Amino acid sequence: MAIHQSYVAISLILLSGLVATCYGVPFTSLNKTIAITATPSIPSGQVLKGGESTLTISWSLNATSSVGIDTSDYRTVEIKLCYAPISQKDRGWRRTEEELQKDKTCQHKIVERPYNPSNNMYTATIKKDVPSATYFVRLYVHNSHKEVVAFGDTTDAMKTTNLFEVVAVTGRSIGLDIASVCFSAFSIISLFGFFILEKRRAKTK
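Residues numbered from 1 in each chain as written. Predicted model: local features only at pLDDT ≥ 70, side-chain atom pairs only at ≥ 80, totals over all residues. Heavy atoms only, no water.

Here's the deal with the confidence of the model for the chain
- Taken residue by residue, the chain gives an average pLDDT of 82. The fraction at 70 or more is 72%.
- Here residues 2-23 is modelled with pLDDT under 50, and outside its nearest four sequence neighbours on either side it reaches six contacts, counting other chains as well.
- The low-confidence segment residues 179-183, where pLDDT is below 50, has zero contacts with residues more than four positions distant or belonging to other chains. (pLDDT = per-residue confidence, 0-100. Contact = heavy atoms within 4.5 Å.)

As structure tokens, then:
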């Protein structure tokens, strides 16, 4: 009887692991145990530029977390840029899903590091390919099986505080824009001059 019960218990554990693998981890199952802040390199309220502006990110185990909660299986942290609700509206490709495997809120990885409970800091330059939008920063904690077990946000639960705006790099410079305008103006003048020349030639025939 005891052997049978043990077999059933092991089967249930394996089945639960299979379900987690197949269907992903629900966000509401995660513990919010990490305190994290992100400080832009420019004054508050100004727009960050891709490829130029930086974020200084600091994180540690939340002081209100249960003692020893991180000693069980906290292995690595992954920090990402995440879309704020204002930049998700009418954009299905950025929508928030309960299942992490399907969630599209946080698509832009900043860095991955080994877990350390305190005194963590990292300065990141906003990548050039980051789309123009309003963002916050989220940290995911992974266990030894690469599963997400905890998180931390730089914003509140409603995602309305400590947000920042990023403007993407267009790949065009001021010099290129000036050259483009000059070339367009030259083309128009040349076309107009050609038209007058042809008109004069027609009168002389």
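Side note on the side chain of N120
- For N120, the position within the fold is in strand β7 (residues 120-125).
- Looking at N120, the relative accessible area reads 12%, which means it is buried.
- Reaching out from N120, the side chain makes a polar contact with the backbone oxygen of N116 at a distance of 2.8 Å.
- If we ignore the near neighbours within four places in the chain, the residues touching N120 are I57, S58, W59 and S60. (Helix = DSSP H or I, 4+ residues; strand = E, 2+ residues; numbered from the N terminus. Buried < 20%, exposed > 50% of the residue type's maximum accessible area, 1.4 Å probe, protein only. Polar contact = N/O pair within 3.5 Å; in protein donor to acceptor, adjacent residues only side chain to side chain.)

Quick notes on the nonpolar core
- Membership of the largest hydrophobic core comes to 25 residues, with the highest contact counts inside it found for L81 and V137.
- Counting only elements with at least two residues in this core, the list comes to β2 (34-40), β4 (54-61), β5 (76-83), β6 (108-114), β8 (133-142) and β10 (164-167).
- The greatest single-element share of this core, amounting to five residues, is contributed by β8.
- Apart from the residues within four sequence positions on either side, L81 is in contact with L55, T105, C106, Q107, H108, I110, I126, V130, Y135, F136, V137 and F164.
- Counting residues in hydrophobic clusters, the runner-up holds eight residues, among them C106, F136, Y140 and V148. (Core = buried A, V, L, I, M, F, W, Y, C linked by side-chain atoms within 4.5 Å.)

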